[in-house]
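# Structural description and commentary
The lines below spell out each chain.
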Amino acid sequence: MSELRSPIILGSVALYMGLCIVVGFWAMRRTHSAKDFFMAGRQLGIMITGIAIFSSTMSGFGFVGGPGLVYSLGMSSVWMVISVSTSYAVADFLLGKRLRLFAGAFDAISLPDAVAARYGSEATRFLTALAILLGILGYLATQTLAMATVLQSILVGTEYFPEVSLVTCVVISSSVLVFYCVTGGILASVYTDMFQGIVMVVAGFLVFLTTLVVFEGGATAAVATILADDAEAAGPWGTLGMIGCLSWYFMFTVGAAGQPQILTKGMMIARVQNYRWVPLVTVFGYTLTALLWVSIGLVMRALVLSGAHPELAGADAAAPIFLQQYPCSRDSSSRGSSPPSCRRRIAFSTSAPRLSCTTSRKRLPDARSRASFSGHASAPWPSRSSRRSLHSIRITRTRG
Amino acid sequence: MRFLTLLVGSLVLVIVAVALLLSTPELGDVGGKPHERFSTMASGGSGSARHANVLWLGGLFGAAALAYYVALMAFGARKDASLRGLGPPLVASLAVALAFWVWLLVSYARTMDGGAVSFFLTLPGPSAIMLYGLFPVTILFNLLYVIGYNRWILTKDDYEEYERVVQKIRKKSQRRSS
């Protein structure tokens, strides 16, 4: 079966990218206006909104960088997982429903639109767009690098592309990404997010089960190996230390609660009453995918410490290497020759998070393009009295 | 108003804790050090050497941060939400989170000198408290949102009033365009 390894991996990647392109075409046929392009027609259901939100949060950073951080720093980065879960609650209580109400009332098709409607000011629109643009550039670069790194890792593992460069992988993955972003707009993005999110949940759970048995003696033995080498790495603060972890906890909770690609998705749900169920889907999905984040990092660190695996070239290789080299079975002798079903899972699970976050971010500073998009006429800015009325519904209504 | 007090108070506590932490001299390898054998890994070193003088200040920072998040959630709910029953569950959730937080600190303090570590579901005690105790509490906050949405976030009256405002805005928009 080992001769099928490369074709199966390549086939899975091609199938995945093909599906993304098909979704792009499908979404293009359903996109008729700026509202469709930027807000998916504001017709999303509970499941798709929830899944799109958590898959945008998890992203390449979570699936590639997360295990790398656990491998490198021990338990430190688990605080990021905890902070994201907290930030969902903070964002929903503070902003979720409110932004959706403003989006519905004023036909806002972006976060800057909603802010401008709230304050009745072009300056706030410009400042919000500028803040998003500045804040997202670095993150977008990281996501682009993450998807190229994973693609390179997958392709190099096959016999057909042993020396494919990172730049080539950036071009390939970005081409697919840009194609379905441009053709299908946010509709393509959220549906690919949903597809990727489902893959991430399934893969996260299956990979977690694999990590429980891949180390000789089980997961407890793996953690004991880390503990024996460095007690702090297996402790609650990891190697980064308590203050570093708490700084992350504070910064990521407040920061993630304001991430525009998440807030914008909340504005797309069809009925504001349905927003109630979104956090349930989001947190459930995120928790399942976070299993991969924590488990791979710990097991890879233990494998390297115990000498069962050579040291990685870089911490970010932890997830790709684990997924490609460690089979579904416990038998370490079969490493690198995992069964086809397992290899499909490997290819899919590493492909899925590559695009999920980047697509959202590609479209973020859309307020700038809004003005030039013909056919969209949002409601005029509300009068001061209307704003007060909406505001009173949203925040301070105390009557009856 | 009480939640606003909690919001401001917890933020002040966060600032005070951070200021005190910044003025505390660093001991040992506070942020870790390179691993002796593997260049791609970091090492924590001695827990007591780097945390002895910041553990309880860090504890204050963490507790204040938790209170701050809960206050933000309360601040985001309807103004009369506390009268509609938001207060007790939110405060109870915060109390549970703080209980796990203190348990985590005490448990870590006992083991940071190299004391015996017990395992729970594959993780050492303090890490298990973090992952199996503190993390689920954050999920509880999300569940509170789901459970109390119709009472604390968007009531039927709110929605009806919203619909009226939207109609008003649309009529105004139509008048302008015609």
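The shown structure was predicted, so the numbers you read here are calculated from the model rather than taken from an experiment. (Residues numbered from 1 in each chain as written. Chains lettered and ligands numbered in written order. Predicted model: local features only at pLDDT ≥ 70, side-chain atom pairs only at ≥ 80, totals over all residues.)

### Here's the deal with the overall build of chain B
A tally of helices and strands in chain B yields six helices and four strands. The secondary structure elements of chain B, listed N-terminal to C-terminal, are α-β-β-α-α-α-β-β-α-α. Whereas a compact globule of 178 residues would reach a radius of gyration of roughly 16 Å, chain B reaches 23 Å, over 25% beyond that. Across its three principal axes, chain B shows a C-alpha extent of roughly 75 × 35 × 30 Å. Looking at chain B as a whole, 39% of its 178 residues qualify as buried. (Helix = DSSP H or I, 4+ residues; strand = E, 2+ residues; numbered from the N terminus. Rg over C-alpha atoms; globule rule 2.2 N^0.38 Å. Buried ≥ 20, exposed ≤ 12 C-beta atoms within 10 Å, placed from the backbone.)

### So, the overall build of chain A
Looking only at helices and strands, one finds 16 helices and zero strands in chain A. Buried residues in chain A amount to 61% of all 400 residues. Long-range contacts, defined here as pairs at least 24 residues apart, represent 83% of the contacts in chain A between residues at least 6 apart. (Contact = placed C-beta atoms within 7 Å.)

### A few points about the confidence of the model for chain B
Within chain B, residue pLDDT values average 88, and 99% of them lie at 70 or more. Scored as a complex, the prediction yields pTM 0.82 and ipTM 0.90. (pLDDT = per-residue confidence, 0-100.)

### A closer look at the interface of chain B and chain A
Taken together, the contacts link 64 residues of chain B with 67 residues of chain A. Going through the elements one at a time, strand E2 (42-43), helix H2 (47-51), helix H3 (55-76), helix H4 (87-111), strand E4 (123-124), helix H5 (125-153) and helix H6 (156-177) of chain B are the ones with two or more residues in the side of chain B that touches chain A. Each residue belonging to the side of chain B that touches chain A can be placed in one class, and the counts come to 36 nonpolar, 17 polar and 11 charged. (Nonpolar A, V, L, I, M, F, W, Y, C, P; charged D, E, K, R; others polar.)

### Overview of the nonpolar core
Counting residues in hydrophobic clusters, the biggest one holds 178 residues, and the most contacted among them are Val-190 and Val-299 of chain A together with Met-73 of chain B. Among the elements that take part in this core, helix H7 (residues 166-214) of chain A stands out by supplying 19 residues, more than any other. The residues contacting Val-299 of chain A, other than those within four sequence positions of it, are Thr-211, Val-214, Phe-215, Ala-222 and Phe-322 of chain A. (Core = buried A, V, L, I, M, F, W, Y, C linked by C-beta atoms within 7 Å.)

### Digging into H6 of chain B
Residue and element names in this part refer to chain B. In this model, H6 (22 residues) spans 32 Å end to end at C-alpha, consistent with the 32 Å of a helix rising 1.5 Å per residue. Turning to H6, its buried residues are Tyr-162, Val-165 and Ile-169. Viewed along the axis of H6, the buried residues span an arc of 65 degrees, placing them on a single side of the element. Opposite the buried face of H6, at more than 90 degrees from it, the exposed residues are Lys-156, Asp-157, Glu-160, Arg-164, Gln-167, Lys-171, Gln-174 and Arg-175. (Expected span 1.5 Å × (residues − 1). Arc of directions from axis to C-beta.)

### Let's talk about the packing of H3 of chain B against H4 of chain B
Residue and element names in this part refer to chain B. Between H3 and H4, the least distance of the axes is 10 Å, while the angle of their chain directions is 165 degrees. Put simply, H3 runs roughly antiparallel to H4. For the crossing formed where H3 meets H4, the hand is right-handed. Between H3 and H4, the residues in contact are Leu-55, Gly-59, Gly-62, Ala-63, Leu-66, Ala-67, Val-70, Met-73 and Ala-74 and Leu-90, Leu-94, Ala-97, Leu-98, Trp-101, Leu-105 and Ala-109, respectively. (Axes fitted to C-alpha atoms, helices over the stretch in contact; angles between N-to-C directions. Parallel < 35°, antiparallel > 145°, perpendicular 65-115°, else oblique. Left-handed = near helix turned anticlockwise from the far one by under 90°.)

### Some details on the environment of Thr-287 of chain A
Secondary-structure assignment places Thr-287 of chain A in helix H12 (residues 278-306). Residue class for Thr-287 of chain A comes out partly exposed when judged on the 19 C-beta atoms lying within 10 Å of it.

### Topic: the confidence of the model for chain A
All names here are of chain A. When the pLDDT values of chain A are averaged, the result is 80; 81% of them are 70 or greater. When pLDDT is averaged over each element of chain A, H12 comes out on top at 91 and helix H15 (residues 367-370) at the bottom at 38. Throughout residues 329-349 the model reports pLDDT below 50, and contacts reaching past four residues in sequence, or to other chains, amount to 41 contacts.

### As for the packing of H7 of chain A against H12 of chain A
All names here are of chain A. Taken N-terminus to C-terminus, the directions of H7 and H12 make an angle of 35 degrees; their axes are 8 Å apart at the nearest point. Of the two possible hands of crossing, H7 and H12 adopt the one that is left-handed. Side by side, H7 and H12 meet where Gly-197, Met-200, Val-201, Ala-203, Gly-204, Phe-205, Val-207, Phe-208, Thr-211 and Val-214 of the first sit next to Gly-285, Leu-288, Thr-289, Leu-291, Leu-292, Ser-295, Ile-296 and Val-299 of the second. Tallied by class, residues from the contact of H7 with H12 come to 12 nonpolar, six polar and no charged.

### Quick look at the environment of Ala-123 of chain A
Mapped onto the fold, Ala-123 of chain A is located in helix H6 (residues 122-156). Sequence separation between Ala-123 of chain A and Pro-112 of chain A is 11 residues, and the spatial gap between their C-alpha atoms is 9.9 Å.

### Digging into helix H4 (residues 78-106) of chain A
Each α-helix turn comprises 3.6 residues. Residues three or four places apart therefore point the same way. Residues and elements named next belong to chain A. Taking 1.5 Å of rise per residue, 29 residues should cover 42 Å, and H4 covers 40 Å from first to last C-alpha, within 8% of that figure. Of all the bends in H4, the greatest, near 55 degrees, is centred on Asp-92. Among the 29 residues that make up H4, 27 are buried, leaving the element largely enclosed by the rest of the structure. Just downstream of H4 lies Asp-107, where phi reads positive at about 55 degrees. (Bend = angle between axes of the 7 residues up to and from the residue.)

### A few points about unusual backbone geometry
At Ala-40 of chain A, a residue that is not glycine, the phi angle is positive and equals roughly 55 degrees. Mapped onto the fold, Ala-40 of chain A is located in the loop between helix H2 (34-39) and helix H3 (46-73). On the neighbour-count criterion, Ala-40 of chain A (28 C-beta atoms within 10 Å) is buried. Even without a glycine there, the phi angle at Thr-122 of chain B is positive, about 75 degrees. Mapped onto the elements of the fold, Thr-122 of chain B is located in the loop between strand E3 (119-120) and E4.

### Some words on the environment of Gln-152 of chain A
All names here are of chain A. In this fold, Gln-152 is placed in helix H6. According to the C-beta neighbour criterion, Gln-152 is buried, with 22 such atoms within 10 Å. Taking the C-alpha atoms as reference points, Gln-152 and Gly-24, separated by 128 residues in sequence, lie 23 Å from one another. Look past the residues within four positions of Gln-152 in its chain and what remains in contact with it is Val-164, Leu-166 and Cys-169.

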